[in-house]
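Residue-level listing of the chains:
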Amino acid sequence: MLKKACPQCGAESFSADGTGEDWVCPECGSDISDVKAERPE
Ligand SMILES: [Zn+2]
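The following paragraphs examine the structure supplied in this document. In this text the structure is predicted, and so the values were computed from the model without any measurement.

1. Let's talk about the pairing of strand 2 (residues 12-15)
Point 1. Direction of pairing for strand 1 (residues 2-5) relative to strand 2: antiparallel, over a ladder of 4 bridges. Within strand 2, the position partnered with Ala5 by the bridge is Glu12.
Point 2. Taken together, strand 1 and the strand that follows it, strand 2, pair antiparallel across an intervening segment of 6 residues, in which Gly10 is found at a positive phi of about 85°.

Have a look at this one:
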C-alpha cells in the first residue's frame, strides 16, 4: 500500500500496488507521479 498527498488540493490517495508511477490525483486530476509516496502503517 502506498499513499500520496496531492500538492495541488491536499487530497490523499492510495494505491494497493505498483511503484507510485503514473499516479493521478482522484480529486483534481493532477499528475502526482513525481510526489514522494509514503507507506502508511
Ligand atoms: Zn489533487
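2. Some details on unusual backbone geometry
Point 1. Phi is positive for Asp22, which is not a glycine, with a value near 55°.
Point 2. Tracing the chain through its elements places Asp22 in the segment after strand 2.
Point 3. For Asp22, a count of 9 C-beta atoms within 10 Å corresponds to the exposed category.

What counts as what
Residues numbered from 1 in each chain as written. Predicted model: local features only at pLDDT ≥ 70, side-chain atom pairs only at ≥ 80, totals over all residues. Pairing = 2+ DSSP bridges. Helix = DSSP H or I, 4+ residues; strand = E, 2+ residues; numbered from the N terminus. Buried ≥ 20, exposed ≤ 12 C-beta atoms within 10 Å, placed from the backbone.

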